[in-house]
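Spelled out, the chains give:
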Amino acid sequence: MEIVHIMHTARSATIEIRDGGRYFTRCPYIIRLNGKQVMTTEKTITSLFGLKPDTEYLVEVFTGEEKKGELAFRTDYEYVTLDVTRFGARGDGEQDDTHFIQAAIMACPADGRIYFPAGTYRVTSLFLKSHIRIELAVGAEIKAFTDRNMFPRFPASFQSYDEQDEYYLGTWEGNPLPMFSGIICGIGVEDVVIYGEGTINGNASKENWWNNPKVMNIAFRPRLFFISGCKNVTLQGVTFCNSPSWTLHPYFSEELRFVGIAVENPADSPNTDGLDPESCKNVEIVGVRFSLGDDCIAVKSGKIYMGRKYKTPSENIHIRQCLMENGHGAVTLGSEMAGGVVNLVVEDCIFRHTDRGLRIKTRRGRGKDAILSNIVFRNLTLDHVMTPLVVNSFYFCDPDGKTPYVQSREPYPVDDRTPSIRKMIFENMECTNCHVAAAYFDGLPEQKIEEIYMKNISVSYAEHAKTDVPAMSEGVSESSKRGLFARNVAKLTLENVCIEGQVGEAYEFIGVDELEQR
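Model, not experiment: these values are computed from the prediction.

Novice: Lay out the packing of aromatic side chains in plain terms, naming residues and giving numbers.
Specialist: What the rule picks out here adds up to 19 aromatic pairs. Ring centres 5.8 Å apart and planes at 70° place the aromatic pair Phe252 and Tyr310 in the edge-to-face group. Placement of the pair is Phe252 in the loop between β25 (248–251) and β26 (254–259) and Tyr310 in helix α2 (residues 305–310), with a sequence separation of 58 residues. These aromatic residues form a ring-pair network of at least three members: Tyr168, Phe226, Tyr251, Phe252, Tyr305 and Tyr310. Looking at Arg122, its charged tip hangs above the ring of Phe145, at a distance of 4.3 Å from the centre. Here the basic side chain of Lys402 rests over the ring of Phe396, its NZ or CZ set 4.7 Å away from the ring centre.

Novice: Before we move on, could you go through the environment of Val238 and cite the residues and values that matter?
Specialist: Assignment of secondary structure puts Val238 in the loop between β23 (231–236) and β24 (239–241). Excluding anything up to four places from it in sequence, Val238 contacts Ile194, Tyr195, Gly196, Gly198, Thr199, Ile200, Ile261 and Ala262.

Novice: Residue-level account of the sheet that holds strand β6 (residues 56–63), with values.
Specialist: The strand order across the open sheet built from four strands is β4-β3-β6-β7, with neighbouring strands paired in antiparallel fashion. Looking at strand neighbours, the two that pair on one side only are β4 (36–43) and β7 (66–74), the edges of this open sheet. Across the sheet, the mean angle from the axis of one strand to that of its neighbour is 25°, orientation sign disregarded.

Novice: Let's hear about helix α1 (residues 98–107): which residues, and what values?
Specialist: Listing the buried residues of α1 in full gives Thr98, Ile101, Gln102, Ala104 and Ile105. End-on view of α1: buried residues confined to an arc of 155°, all on one side of the axis. Structural note: α1 exposes His99 and Met106 on the side pointing more than 90 degrees away from its buried face. In this structure, the buried residues of α1 make contact with β8 (80–83), β9 (92–96), β10 (112–116), β11 (119–123), β12 (126–127) and β13 (132–136).

Novice: An account of the nonpolar core is needed here, citing residue identities and associated values.
Specialist: With 102 residues, the main nonpolar core has Phe351, Phe377, Phe426 and Phe441 as its most contacted residues. For this core, the leading source of residues is strand β42 (residues 482–499), giving seven residues. Those residues in contact with Phe426, other than ones at most four positions away along the chain, are Leu358, Phe377, Leu389, Phe441, Ile452, Tyr453, Met454, Lys455 and Ile457.

Analysis parameters
- Residues numbered from 1 in each chain as written.
- Predicted model: local features only at pLDDT ≥ 70, side-chain atom pairs only at ≥ 80, totals over all residues.
- Heavy atoms only, no water.
- Phe/Tyr/Trp six-rings, centres within 6.5 Å; stacked < 30°, edge-to-face > 60°.
- Helix = DSSP H or I, 4+ residues; strand = E, 2+ residues; numbered from the N terminus.
- Lys NZ or Arg CZ within 6 Å of the ring centre and 35° of its normal.
- Contact = heavy atoms within 4.5 Å.
- Pairing = 2+ DSSP bridges.
- Axes fitted to C-alpha atoms, helices over the stretch in contact; angles between N-to-C directions.
- Buried < 20%, exposed > 50% of the residue type's maximum accessible area, 1.4 Å probe, protein only.
- Arc of directions from axis to C-beta.
- Core = buried A, V, L, I, M, F, W, Y, C linked by side-chain atoms within 4.5 Å.

Keep in mind that these numbers describe shape and distance, not what the molecule does.
Next comes the structure, spelled out in C-alpha cells:
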C-alpha cells in the first residue's frame with residue numbers, strides 16, 4: 001500500500017490511499033495527524049481540513065493499531081484571513097450578501113484567505129480575482145437567488161475596436177449566445193483555490209431555472225461555477241448542488257484540478273451535467289462523486305463556429321478514482337466537440353446506474369478539426385450501466401440532426417465537414433447487471449473509426465434486462481441484451497472479451513476491415 005500526497009493549501013490537504021480500491025478503499029482506515037487521531041476514511045481520496053498555515057504535518061494511516069503508511073508535508077504560508085461577516089455579510093439566509101462578499105474578494109491580498117463561517121449566504125453572482133483562497137467552513141452554504149432580473153448578463157460577443165477580433169463572453173451548448181453569469185464566476189483569473197467542507201447551492205428547481213429549460217428567457221441559464229480564460233484553478237472538498245444548468249463549466253482554461261468534491265443534482269433535473277471542460281488543457285479530476293440529471297462528465301470543444309474559429313481541443317484530461325452515479329453518461333465526449341478531444345484517460349473509477357459508461361456523440365458537420373484521439377478507459381467497475389460503451393457518429397442533435405446528410409449510412413465525400421475518430425483503448429473493465437447492449441460502435445462509412453482495442457473486459461446482464469436503444473440515431477432498434485456491435489471500424493482487436501447471458505449472437509460486425517480476436 002502507498003500513501004500519496006495530492007495537494008495542500010495553508011489550511012487543507014488531500015492524500016490518496018493506494019490499496020487497490022476504486023473510489024472506496026478496500027477497508028476502513030484511521031488517519032492520525034501529528035500523532036492524534038482525526039478521522040476514519042473509506043475513500044481512496046481523502047481531504048483533511050482545519051490545518052494551520054506554515055506548519056509541518058505527519059499523516060499516518062492505520063488499520064487498527066497496524067501502521068500502513070505515512071507522509072509528511074508543510075502547509076502553505078498565509079498572510080491574513082478576511083472573514084466575510086466582518087464585511088457585512090450576515091449568513092442568515094435572508095439578506096443579499098453578494099456585495100459584502102464581493103468586497104471581501106476584491107480586498108483580499110495575495111496569500112490571503114477569504115473565510116465563510118457557518119451560515120447561509122444568499123448571493124447572485126460572485127466574481128473571482130487572481131491569487132486568492134476561499135474557504136467554506138463546515139455548515140457554510142452559498143445559496144443563490146433565482147430571480148433572473150438580479151443576475152448580470154454576458155452578451156455573446158463584442159467586436160474589437162479595430163474590427164479585427166471578437167471578445168466572447170456568453171456561451172450556450174457550444175455556441176456564442178447570451179447567458180447569465182455563473183453563481184461563482186471567473187474571467188481571466190489565475191491561481192485560485194476554493195476549498196472546504198461547505199456547500200455551493202444553485203437553489204434551482206422546477207419552479208425557477210428548470211422551468212422551460214431550453215427556452216432562452218432574457219438569457220440562457222447560469223452555470224453554478226463558470227470560468228473562462230483562466231489558469232491554475234483548483235476546487236477541493238466542496239459540495240456543489242442544485243445547479244441551474246451545467247454545474248462546473250471551465251471554458252478555454254488550463255491547469256485545472258477538481259479534487260474530492262461532490263456534485264449533486266436531482267435525477268430529473270434538466271441538463272445539469274456535472275463537469276464540462278470545454279476547450280480546456282491539462283485537467284485533473286480525482287476523487288469526485290457525481291449524482292445528477294445528465295452526463296457526469298461531458299468533455300466538449302465548441303459546436304461548429306467556435307471549434308472552427310479557434311481550433312482548440314480539450315486535451316490532456318485525467319479522470320481517476322471517481323464515482324459516477326445516476327447520470328445519463330458517466331463520461332461523454334461531445335456532441336459539441338468541433339475542436340476535438342485529445343489524450344483523455346479514465347481509470348480506477350466506478351460507474352453505476354448510469355445510462356452509458358463511455359458515450360461518444362459526433363456527426364457529420366462537426367468538421368475536420370473534430371478529432372477524437374488517444375481515448376483510454378481502464379481499470380473500471382460498472383454496475384447497472386445500461387450500455388457500457390457507445391460510439392455514435394450519427395447523433396441526431398441540432399435542427400438538421402435527422403436529415404439524410406447526418407443520418408445516411410451511405411458514404412458521403414470526405415470534406416471540411418467530416419469528423420474523425422482515431423484510437424481508443426478499453427481494458428480491465430468489469431460490467432455487471434447491464435441492460436441494453438454491451439458495446440455499440442457506429443462509425444462513418446466514409447471515415448471509419450481507425451482503431452478500437454479491447455482487452456480483459458467482461459459483461460453480464462441483469463436478470464430482467466430493460467429494453468432501450470443503445471444510441472440516439474436513426475435506424476437503431478431497441479434491444480434488451482444486444483452484444484458487441486461494430487460498424488465501419490478500420491481495426492478492431494478483442495483480447496479476452498467475454499459477454500455472458502447473451503441472447504443470440506454476442507458479436508455483430510459490419511464493415512470491419514481488420515478484426516483480430518485473441
